[in-house]
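Structural features, examined
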Amino acid sequence: MSKSLIEIERKILRLLHGRNTRTHLTQIHAHFLRHKLHQSNLILAHFVSVCGTLNEIKYATKIFNQMRNPSVLLFNSMIKAYSLNGPSEEPVKLFALLKNLGIWPDEYTFAPLLKACLGVGDLRVGQCVHGEIIRCGFERFGSIRIGVVELYTSCGQMDDGMKVFDEMSHRDVIVWNLMIHGFCKKGDVDKGLYLFREMRERSVVSWNLMISSLGKSGRDSEALRLFHEMRDQAFELDEATVVAVLPICAHLGAVDIGQWIHSYAESSGLYRKVVSVGNALVDFYCKCGILDSARNVFKEIPRKSVVSWNAMISGLAFNGRGELGVELYEQMIAKGVSPNKATFVGVLTCCAHAGLVEKARELFASMTGLHSIDPNLEHYGCMVDVLGRSGCVREAYDLIRSMSITPNAAIWGSLLSSCRTHGHVELAEHAVKELINLEPWNSGNYVLLSNIYAEGGRWDDAEKLRMWMREKNVKKSPGQSLIE
């Protein structure tokens, strides 16, 4: 290559990695076409790589397909570009093409290829790639080993992940975190905690991961102790720490610690920079019943997401302030924020607590009519609760019958509660029979039906039910009694 072409090549590379690359991609393309550099593996590898980071994967593919003799450098860039742009099987196809062309992979081929296998959740192909890594002799490279560990731990194959982990002479904090996350995700929090304690060096991610895992497994007190330990070791809290610890404080009623976190979030700037921190604070104060603080935080969130509105609406419902929750929903709609499924669970719950039956009917109808949201079991459950509390038991029953999805035990249980409150014996009997069909093993349902028969003076039916229970070997739980 002549000296002038080398200089042009360097100029094109500078343009590709400049500030305005996104708006100048086609011009850069035209530039290297004009200078007949369209078959330069180096130029195309950089061009494809930039396309991948800019989410221009179709453009990258078009460029790649025009190359007559792609090198491993170009293949690597193309595989990585695909791995950066969501789940795709194309990286695996590219690897197969690379092999068919007799091109030998290098240490940069496999890390994005493993990422792609992880993205599509294909463990079998990932295992084949791992086999190729071993055959090619690249298993000693740290980035590749991390990729293999991530593949196995993300797919729940902890024995395979542990085998690779044990063979690593140098384990950085990333690979420790992957193993901890894998065990905790699979439910073995004790093993995750054991590995956490074995770490010589931890990052804030390590602490967040372990605190969050303990909290999710119901071990709130341990999680909070670990949070105090994190602070004692002078680790700075980030947004993930705040979001993980605040629900734990709410569950334990540790208001003082939650308020300290609020103060920290304000002084560190997290409060205004990261919307999830504000959302977590709203949720914390609502769950602690401190509505004034929740509303103050909500008002100060600069760029509210739908999650922010949902947290405040649900919090008002949780604290029995249903009318305020409905008003807030109306404000949300007026500001042009589109509700989601969680929004309607919150606002319908508000209607249930406030006895706003007509408003609930209107909101429920608007889900499909205005917002193209299909109601799920939670929404139907809320609506049955609204109608049942107000005495519209027959309407609640008709709604259940009209459901496009199969009602669950919670919905029939809600109807049953309303039937007994408002004296609808016939519908109560029907609800219990549905519960028995759904939960034939639950003796409490039989006891309820027997008691309904007894309350209505239907002693023959009560006796038949007892005989049927004996035939089916249904054992009543201690503390329950079938009225004789």
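If you're wondering where the values come from, they're calculated on a predicted model, not measured in any experiment. Within each chain, residues carry numbers counting from 1 in the order of the written sequence. Per-residue local features of the predicted model are confined to residues with pLDDT of at least 70, and side-chain atom pairs are confined, for both listing and counting, to 80 or more; whole-chain, interface and lining totals are unaffected and use all residues. Heavy atoms throughout the structure, all of them, feed into the side-chain values; hydrogens and water do not.

A few words now on the overall build of the chain. A count of helical and extended segments in the chain gives 29 helices and 0 strands. Both definitions apply: the radius of gyration is a C-alpha atom measure, and the globule rule equals 2.2 Å times residues to the power 0.38. A globule of 484 residues ought to have a C-alpha radius of gyration of about 23 Å, yet the chain, at 30 Å, is considerably larger. The dimensions of the chain, computed from C-alpha atoms along their principal axes, are 105 × 55 × 50 Å. A 1.4 Å probe rolled over the protein chains alone gives each residue an accessible area, and that area as a share of the maximum for its type sets the label: buried under 20%, exposed over 50%, partly exposed in between. Among the 484 residues that make up the chain, the fraction classed as buried is 48%. Every helix listed is a DSSP run of H or I at least four residues long, and every strand listed is a run of E at least two residues long, numbered separately from the N terminus.

Attention now moves to the confidence of the model for the chain. Chain-level pLDDT for the chain is 90 on average; 95% of the residues reach the 70-or-more range. pLDDT expresses how confident the predictor is about each individual residue, on a scale running from 0 to 100. Contact between two residues is taken to exist if any of their heavy atoms lie within 4.5 Å; hydrogens are not considered. The low-confidence segment residues 479-484, where pLDDT is below 50, has 17 contacts with residues more than four positions distant or belonging to other chains.

With that settled, the discussion passes to the environment of Y264. Inspection of the secondary structure puts Y264 in helix α16 (residues 255-268). Distance in space between the C-alpha atoms of Y264 and F227 is 14 Å, their sequence separation being 37 residues. If we ignore the near neighbours within four places in the chain, the residues touching Y264 are E236, L237 and L270.

Turning our attention to the side chain of N310. Inspection of the secondary structure assignment puts N310 in helix α20 (residues 306-318). According to the relative accessible area criterion, N310 is buried, its value standing at 9%.

Further remarks concern the packing of helix α24 (residues 377-389) against helix α26 (residues 409-422). A fitted line through C-alpha atoms represents every axis, and for helices the fit uses only the stretch in contact; the resulting angles, taken between N-to-C directions, go from 0 to 180 degrees. With their axes 9 Å apart at the nearest point, α24 and α26 run at an angle of 0 degrees to one another. Relative to α26, the element α24 is oriented roughly parallel. Each of L377, Y380, G381, V384, D385, G388 and R389 in α24 lies in contact with α26, whose residues at this interface are I411, S414, L415, S418 and H422. Of the residues belonging to the contact of α24 with α26, the class tally is 5 nonpolar, 5 polar and 2 charged. To sort the angles, those under 35 degrees are grouped as roughly parallel, those over 145 as roughly antiparallel, those from 65 to 115 as roughly perpendicular, and the leftovers as oblique. As a working rule, the residues Ala, Val, Leu, Ile, Met, Phe, Trp, Tyr, Cys and Pro are called nonpolar, Asp, Glu, Lys and Arg charged, and the rest polar, with Gly in that last group.

This part takes up helix α6 (residues 90-100). Within α6, the full set of buried residues consists of P91, L94, F95 and L98. Seen end-on, α6 carries its buried residues on one side only, within an arc spanning 100 degrees. Every exposed residue of α6 that faces more than 90 degrees away from the buried side is listed here: K93 and N100. Lining the buried residues of α6 we find α4 (57-65), α5 (72-83), α7 (110-120) and α8 (123-136). Just downstream of α6 lies G102, where phi reads positive at about 75 degrees. Of all possible arcs, the one meant is that of the directions from the helix axis to the C-beta atoms.

The next point concerns the packing of aromatic side chains. The geometry of an aromatic ring pair comes down to the distance between the two centres and the angle between the two planes. Only rings of Phe, Tyr and Trp enter the pairing, Trp through its six-membered ring, and a pair is recorded when the two centres are within 6.5 Å. The plane angle decides the type: under 30 degrees is stacked, over 60 is edge-to-face, the rest tilted. This model, assessed by the stated rule, comprises 15 aromatic pairs. Taking 5.0 Å as the distance between ring centres and 85 degrees as the angle between the ring planes, the aromatic pair formed by F165 and W176 counts as edge-to-face. Here F165 is found in helix α10 (residues 158-167), whereas its partner W176 is found in helix α11 (residues 173-185), with 11 residues between them in sequence. Comparing F165 with W176 shows no difference in burial state: the two are buried. Relative to Y264, the ring of W260 has its centre 5.6 Å away and its plane inclined at 25 degrees; by these criteria the two rings are stacked.

In the sections that follow, a salt bridge refers to a side-chain nitrogen of Lys or Arg positioned within 4 Å of a carboxyl oxygen of Asp or Glu. Summed over the entire model, instances satisfying the criterion amount to 18 salt bridges. Of the charged contacts in the structure, one is a salt bridge between K287 and D283, with a shortest N-O distance of 3.1 Å. One end of the pair is K287 and the other is D283, both in helix α18 (residues 275-287) and 4 residues apart, which spans about a single turn. Assessed through its relative accessible area of 39%, K287 is described here as partly exposed. Under the relative-accessibility criterion, D283 is labelled partly exposed at 26%. Salt bridges sharing common partners tie together E429, K433, R458 and D461.

Moving on, we get to the environment of E132. Along the polypeptide, E132 turns up in helix α8. The spacing of E132 and P105 is 27 residues in sequence and 9.6 Å in space, taken between C-alpha atoms. Beyond its immediate sequence surroundings of up to four residues, E132 is in contact with F95, K99 and F110.

What follows deals with the side chain of T61. The residue T61 is located in helix α4 in this model. Reaching out from T61, the side chain makes a polar contact with the side chain of Y82 at a distance of 2.8 Å. For T61, the residues in contact, after removing those within four places along its chain, are M78 and Y82. Think of a polar contact as two N or O atoms within 3.5 Å of one another; within protein, one of them needs to be a possible hydrogen donor and the other a possible acceptor, and neighboring residues in sequence only count if both atoms come from side chains.

So, about the environment of E107. Tracing the backbone through its elements, the reader meets E107 in the loop between α6 and α7. Overall, E107 belongs to the partly exposed group, its relative accessible area being 24%. Sequence separation of E107 and E139 is 32 residues, and the distance between their C-alpha atoms is 9.0 Å. Ignoring sequence-local partners within four residues, the contact set of E107 consists of F138, F141 and I144.

In this structure, N55 is a non-glycine residue whose phi angle is positive, near 65 degrees. Mapped onto the elements of the fold, N55 is located in the loop between α3 (41-53) and α4. Despite not being glycine, S372 has its phi angle at roughly 55 degrees, a positive value. Inspection of the secondary structure puts S372 in the loop between α23 (357-369) and α24.

With that settled, the discussion passes to the packing of helix α9 (residues 142-154) against α10. Relative placement of two packed helices is described by the angle separating their axes and the distance separating the axes. Following both chains from N to C, one finds α9 and α10 inclined at 160 degrees, their axes separated by 7 Å at the closest point. With respect to α10, the axis of α9 lies roughly antiparallel. In the crossing of α9 with α10, the sense of the turn from one axis to the other is left-handed. Between α9, through R145, V148, V149, Y152 and T153, and α10, the contact on the second element is made entirely by M158, D160, G161, V164, F165 and E167. Should the near helix be turned anticlockwise from the far one by less than a right angle, the crossing is termed left-handed; should it be turned clockwise, right-handed.

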